[in-house]
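# Fold and geometry: a report
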Amino acid sequence: MSEATPLLRLEHVNKAFGSLVVTRDVSLDLAAGQRHVIIGPNGAGKTSLINQIGGQLQPDSGRILLDGRDVTRLPPEARAQRGLARTFQKNTLFQRLSTFENVRLGVQARFGSIFDLASRALGRDDINDRAQDILARLRLNHLADKRVSSLSYGDQRQLEVAVALAGDPRILLLDEPTSGLSPAETGQLVDLVRTLPAELGVLMIEHDMEVVFSLADRVTVLYYGEVLASGLPDDVAGNERVREVYLGASI
Amino acid sequence: MTPLPPKDTPTRIPGRRTAGWEVVALGLAVVWPFVASPYGAGLVTEVFIFAIAAMSLDLLMGYGGLVSFGHAAFFGAGAYATVLLTMKLGWSAWAGLGAGLAVSGLVAGVIGYLCVRMAGVAFFMLTLAFAQLLFSAAMKWRWLTGGSDGIGGMARPSLLGLPLADSRTMYFVGLVAFVLSLMALRRVINSPFGHALVGLRENEARMRALGYPASRVKLAAFVIAGVFAGLGGGLYAIYNGFVSPDALTFGLSGTFLLMVVLGGAGSLMGPAIGAGIFLLMKQFVSAHTDHWLLIVGLIFIACVMFFRGGVHGLIERLRTGGRA
Ligand SMILES: Nc1ncnc2c1ncn2[C@@H]1O[C@H](COP(=O)(O)OP(=O)(O)OP(=O)(O)O)[C@@H](O)[C@H]1O
Ligand SMILES: [Mg+2]
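Residues numbered from 1 in each chain as written. Chains lettered and ligands numbered in written order. Predicted model: local features only at pLDDT ≥ 70, side-chain atom pairs only at ≥ 80, totals over all residues. Heavy atoms only, no water.

### Quick word on the nonpolar core
Membership of the largest hydrophobic core comes to 144 residues, with the highest contact counts inside it found for Val103, Leu159 and Leu172 of chain A. Among the elements that take part in this core, helix α2 (residues 38-63) of chain B stands out by supplying 16 residues, more than any other. When we break this core down by domain, the ones giving at least three residues each are domain 1 (1-83 + 171-251) and domain 2 (94-168) of chain A. Counting residues in each nonpolar core, the second largest holds 21 residues, with Ala44, Ile64, Val71 and Ile171 of chain A among its members. (Core = buried A, V, L, I, M, F, W, Y, C linked by side-chain atoms within 4.5 Å. Buried < 20%, exposed > 50% of the residue type's maximum accessible area, 1.4 Å probe, protein only. Helix = DSSP H or I, 4+ residues; strand = E, 2+ residues; numbered from the N terminus. Domains from an automatic or database assignment.)

And the structure:
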């Protein structure tokens, strides 16, 4: 892979729900190792953008490239198998299964053989160990045998991230991972993102400005589906239009 | 009253392990044909055969969350293939049965391919429609299938020199087929594939985001279920020496569904027990009253409304003191 090929590239992506434009000519790159944060007011189209990258939503036009390969028409599972992982703004977990099984399924997706009908799923030590490691990294290991629906909202929120990390992705999309977390939990999550593998590309939606500026090496502002500004955090924070429409007095 | 299970324990995926009582039941099953009349042996033989089909539907319904209303299509395909190949082409019944498994797997593959992308009511209706299609074909193509009369006159074959015309031999063929099917399906459920199937039942969007090809997993489940339902159908044909469009009816699909719900979906052994209760009740109740179907309807409603885990759930709760 040449230096010039970003992990993820969006080229002139457009999406509308009827007359409501949620993505307007969005182009952006995510390089390996980047911590790219998307901000924007409610309804700006942030989640819709992540859904188009993940394959949950089809753009009306434009292209999405992973490692330079066009994946615009590929379903979510094909993108995931190419190393793309995501979390959901609204927890999307296996509520009735154990915390461990939630993560284990994520590991199995990429390190197990899905169509293996004969061996014992729980007999794969490599997969079990990896699931345990991830739970430990998110300080969820004491909850391994609990049913997910019995976990606190904050723990479920962290499990979202654990499940996404399970398949050892190269690109990680995080949709407001800190929403609903206590300040302490938010701090833990920031630490986690900091300690993620250096070569992982992270694209993250975040509302908490403290989190944004402590993690981001690049910030993109979405406003009514459009990229209002994109660049280094300080440059974006200093941008006149951004100050007018979004950040207001908070910076 | 048994206490409710603690809320924080994950839903155990039942049916994954051999339970002690199953071994006891197997012992009783081995003794049964020696203490029962040929009639009694035949009745339980039928239970084994229907249990195989009910367990195969449970793979789809209980583990995959795919409520198919056309399971008779696979049962009937296996039955017709077995009888037709034996009677029209002169194959041995065993070769006919083997080919019947392939035919029912193929039918399940085609129907599954067209159905697995549908969800909810559309899925339900489509599986029903395809089963009706096969039923109509069996009725119309008289030259091949004998229409509504069906085709009969197939003599029971022998196995290892033992004629299945003997009710005990037939019984043990049914028992062995049932035990092997249970073991095989249990293995599938414990496999990475089985865990993926349960994951799809729980949250398809997340499974796809993790990289699981949802449609292909469901299709594979369909084919596996189809093959086992076909085994049930083929054995039923051998048992009766006869097949008619009854093996493809909407009513039979409903019967399989009821067996699963009555016994407890998602437990394998539950639907097998459901098959037993259903057939024995049918035998005895329908001899005394004309209201058999009404009773079936009431049982179904009671199961769905008050009795979620079915008979198997009840056994598990009693066995574990409410912790299941
Ligand atoms: N499936 C849909 N059909 C119609 N409109 C939709 C759909 N999904 C989202 N929208 C609308 O599109 C707009 C953008 O939604 P989106 O969820 O992408 O915003 P967001 O930036 O993630 O907002 P938030 O900060 O509240 O999460 C909103 O007005 C939303 O109501
Ligand atoms: Mg959002």
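Next, the rest of the story.
### Concerning the pairing of strand β3 (residues 35-39) of chain A
Residue and element names in this part refer to chain A. Taking burial as the measure, the 5 residues of β3 include 5 buried ones, the bulk of the element. A two-sided burial pattern is seen for β3, the buried positions comprising Arg35, Val37 and Ile39 on one face and His36 and Ile38 on the other. For β3 and strand β8 (residues 201-205), the ladder comprises 4 bridges, and the chain directions are parallel. Bridge pairing links Ile38 to Ile205 in β8. Where β3 and strand β9 (residues 218-223) come together, 4 bridges link them in parallel fashion. Opposite Ile38, over in β9, you have Thr220 as the bridge partner. (Pairing = 2+ DSSP bridges.)

### Topic: the domain arrangement of chain A
Residues and elements named next belong to chain A. Each domain of chain A was delimited in the assignment, giving domain 1 (1-83 + 171-251) and domain 2 (94-168). For domain 1 versus domain 2, the separation of C-alpha centres amounts to 26 Å. The interface of domain 1 with domain 2 comprises 17 residues on the first partner and 14 residues on the second. Of the roughly 1200 Å² buried between domain 1 and domain 2 on both sides combined, carbon and sulfur atoms contribute 55%. The three residues of domain 1 that bury the most area against domain 2 are Gln81, Gln188 and Leu192, which together make up 35% of that side's buried surface. In this assembly, domain 1 and domain 2 are joined by 0 salt bridges. Where domain 1 packs against domain 2, one counts 3 residue pairs in polar contact (both at pLDDT 80 or more). Only α2 (76-81), β7 (171-175) and α6 (183-194) provide two or more residues apiece to the side of domain 1 that touches domain 2. Of the residues belonging to the side of domain 1 that touches domain 2, the class tally is 9 nonpolar, 5 polar and 3 charged. (Contact = heavy atoms within 4.5 Å. Buried area = accessible area lost by both parts, 1.4 Å probe. Salt bridge = Lys/Arg side-chain N within 4 Å of Asp/Glu carboxyl O. Polar contact = N/O pair within 3.5 Å; in protein donor to acceptor, adjacent residues only side chain to side chain. Nonpolar A, V, L, I, M, F, W, Y, C, P; charged D, E, K, R; others polar.)

### Quick word on the environment of Asn190 of chain B
With respect to the helices, strands and loops of the structure, Asn190 of chain B is situated in helix α7 (residues 167-190). Asn190 of chain B sits in the buried class, given a relative accessible area of 14%. Taking the C-alpha atoms as reference points, Asn190 of chain B and Arg17 of chain B, separated by 173 residues in sequence, lie 8.7 Å from one another. Aside from chain neighbours lying at most four places away, what touches Asn190 of chain B is Ser119, Arg120 and Ala121 of chain A together with Arg16 and His195 of chain B.

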